[in-house]
Amino acid sequence: MTFVQLIDCRTSRFDEMDRLMDTWVEQTRGKRTATHAVVGKDRSDASHFIEIVEFPSFEEAMRNSNLPETGKVFQELVALCDEMPTFTDLDVVRDERLCAATARRFLETVAAPGELAPLDGLLAQDYHDHDPSNVQDVIGMDAMRRQVEMWRRGFAVTFTVEDQISEDDRVCTRWTFDGTHHGEFMGLAPTGREVTMTGTTVFRFDDDGRIAEGWWQYDRLGLMAQLGALDSLET
């Protein structure tokens with residue numbers, strides 16, 4: 001579950017604090033686990049600042065806190081504050097922007113070269129996939145992984161996200177698939193052809209921010225035509 005920490009402080013030395021945080025960011029490059037941070041200043045009190053920091057999970061936040069660089073900079077940060085800062089720990093129960101990012105990350109993950117990365121951080125264990133090209137729905141993370149591997153054996157691909165719309169627990173993504181047919185796919189021997197396909201996917205997310213269900217629509221006929229599978233039908 002995504003985790004957010006609010007750091008509330010008062011300081012008349014914000015410029016020094018800002019430089020200190022820049023130093024910490026540089027020192028922890030490649031180590032820190034925060035995914036997003038925002039600092040806000042109170043419009044009615046120029047000495048009042050709140051930092052909002054996002055992490056993939058509480059455990060990742062604790063790993064970030066336990067970095068030796070974090071402990072050192074915290075002591076220096078306290079010295080710049082007018083009073084002791086306060087911390088509020090929050091488990092995120094809804095964030096449409098994060099769901100859209102997860103949808104993009106799923107497409108990036110399944111298209112990444114090399115061994116397919118684990119999908120447990122993206123898909124629910126009982127994920128339910130609706131794909132009109134399949135006779136039966138694909139149910140379960142392991143079954144979906146096999147489905148993804150079938151496409152990956154056939155193509156070296158990239159996905160380009162053209163558009164996204166988020167509402168409640170659903171994200172609709174319009175994408176373009178560009179690939180090279182380098183392996184057997186649906187009975188077709190590899191042709192080495194460059195192919196392009198457009199499609200749309202609607203994902204439903206569960207309460208933990210994982211993809212629980214997916215509906216796919218894409219130009220399969222156009223893809224097969226590019227592979228030469230329809231040549232025998234031409235007159």
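Not measured: the values here are computed from a predicted model.

Colleague: With reference to specific residues and values, describe the packing of helix H1 (residues 14-27) against helix H3 (residues 68-80).
Modeller: Orientation of H1 relative to H3, taken along the N-to-C sense of each, is 180°, at an axis distance of 10 Å. As far as their axial angle goes, H3 and H1 are roughly antiparallel. Along its contact with H1, which presents Glu16, Met17, Leu20, Met21, Trp24 and Gln27, the element H3 presents Glu69, Thr70, Val73, Glu76, Leu77 and Leu80. Its residues assigned to classes, the contact of H1 with H3 shows 7 nonpolar, 2 polar and 3 charged.

Colleague: Go over the side chain of Thr173 with me, naming the residues and quoting the values.
Modeller: Mapped onto the fold, Thr173 is located in strand S8 (residues 170-181). Classification of Thr173 as buried rests on a relative accessible area of 2%. Reaching out from Thr173, the side chain makes a polar contact with the side chain of Gln164 at a distance of 3.0 Å. For Thr173, the contacting residues outside a window of four places in its chain are Ala103, Leu107, Val161, Asp163, Gln164, Gly199, Thr200 and Thr201.

Colleague: Describe the sheet that holds S8, listing the residues and the values that go with them.
Modeller: Strand order in the open sheet formed by 6 strands is S6-S5-S10-S9-S8-S7, with mixed pairing between adjacent strands. Each of the sheet's edge strands pairs with one partner strand only, and the pair in question is strand S6 (138-139) and strand S7 (155-167). Here strand S5 (residues 123-130) runs beside S6; their pairing, made up of 2 bridges, is antiparallel. Across the sheet, the residue bridging to Asp129 is Val138, located in S6. This element, helix H5 (residues 141-154), spans S5, S6, S7, S8, strand S9 (194-205) and strand S10 (211-218) of the sheet and lies at about 60° to S5.

Colleague: Would you mind going over the packing of aromatic side chains in detail, with residue names and values included?
Modeller: The final tally for this structure, using the stated rule, is 17 aromatic pairs. Measuring from centroid to centroid gives 5.5 Å for Phe106 and Phe203, while their planes differ by 85°, and the two rings are edge-to-face. Of this pair, Phe106 sits in helix H4 (residues 96-111) while Phe203 is found in strand S9, placing the two residues 97 residues apart along the sequence. Both residues of the pair, Phe106 and Phe203, count as buried. Judged by centre distance (5.6 Å) and plane angle (80°), the ring pair of Phe155 and Phe177 falls under edge-to-face. You can see Phe155 sitting in strand S7 and its partner Phe177 sitting in strand S8, a full 22 residues away along the chain. Exposure class is identical for Phe155 and Phe177. Each is buried. Every member of this aromatic cluster is reached through a ring pair, and the members are Phe106, Trp151, Phe155, Phe159, Trp175, Phe177, Phe185, Phe203, Trp216 and Tyr218.

Colleague: Explain unusual backbone geometry to me, using residue names and the numbers behind them.
Modeller: Positive phi is not limited to glycine here, since Asp168 has a value of about 55°. A relative accessible area of 44% places Asp168 in the partly exposed class.

Colleague: Give me the lowdown on the pattern of salt bridges, citing residues and values where you can.
Modeller: Within the structure shown, the criterion is met by 10 salt bridges. Ionic pairing is found between Asp45 and Arg10, a salt bridge with its closest N-O pair at 2.2 Å. Within this pair, whereas Asp45 is found in the loop between strand S2 (36-41) and strand S3 (48-55), its partner Arg10 is found in strand S1 (residues 3-10), the two being separated by 35 residues in sequence. Exposure remark for Asp45: the relative accessible area of 22% places this residue in the partly exposed category.

Colleague: Residues and numbers for H3, please.
Modeller: Between its terminal C-alpha atoms H3 stretches 19 Å, which fits the 18 Å expected from 13 residues at 1.5 Å a residue. Of the residues making up H3, those classed as buried are Glu69, Thr70, Val73, Leu77 and Leu80. Buried residues of H3, seen end-on, are gathered within an arc of 90° and therefore sit on one face of the element. Away from its buried face by more than 90 degrees, H3 exposes Pro68, Lys72, Gln75 and Ala79. Packing partners of the buried residues in H3 comprise H1 and helix H2 (58-65).

Quick notes on the rules
- Residues numbered from 1 in each chain as written.
- Predicted model: local features only at pLDDT ≥ 70, side-chain atom pairs only at ≥ 80, totals over all residues.
- Heavy atoms only, no water.
- Axes fitted to C-alpha atoms, helices over the stretch in contact; angles between N-to-C directions.
- Helix = DSSP H or I, 4+ residues; strand = E, 2+ residues; numbered from the N terminus.
- Parallel < 35°, antiparallel > 145°, perpendicular 65-115°, else oblique.
- Contact = heavy atoms within 4.5 Å.
- Nonpolar A, V, L, I, M, F, W, Y, C, P; charged D, E, K, R; others polar.
- Buried < 20%, exposed > 50% of the residue type's maximum accessible area, 1.4 Å probe, protein only.
- Polar contact = N/O pair within 3.5 Å; in protein donor to acceptor, adjacent residues only side chain to side chain.
- Pairing = 2+ DSSP bridges.
- Phe/Tyr/Trp six-rings, centres within 6.5 Å; stacked < 30°, edge-to-face > 60°.
- Salt bridge = Lys/Arg side-chain N within 4 Å of Asp/Glu carboxyl O.
- Expected span 1.5 Å × (residues − 1).
- Arc of directions from axis to C-beta.

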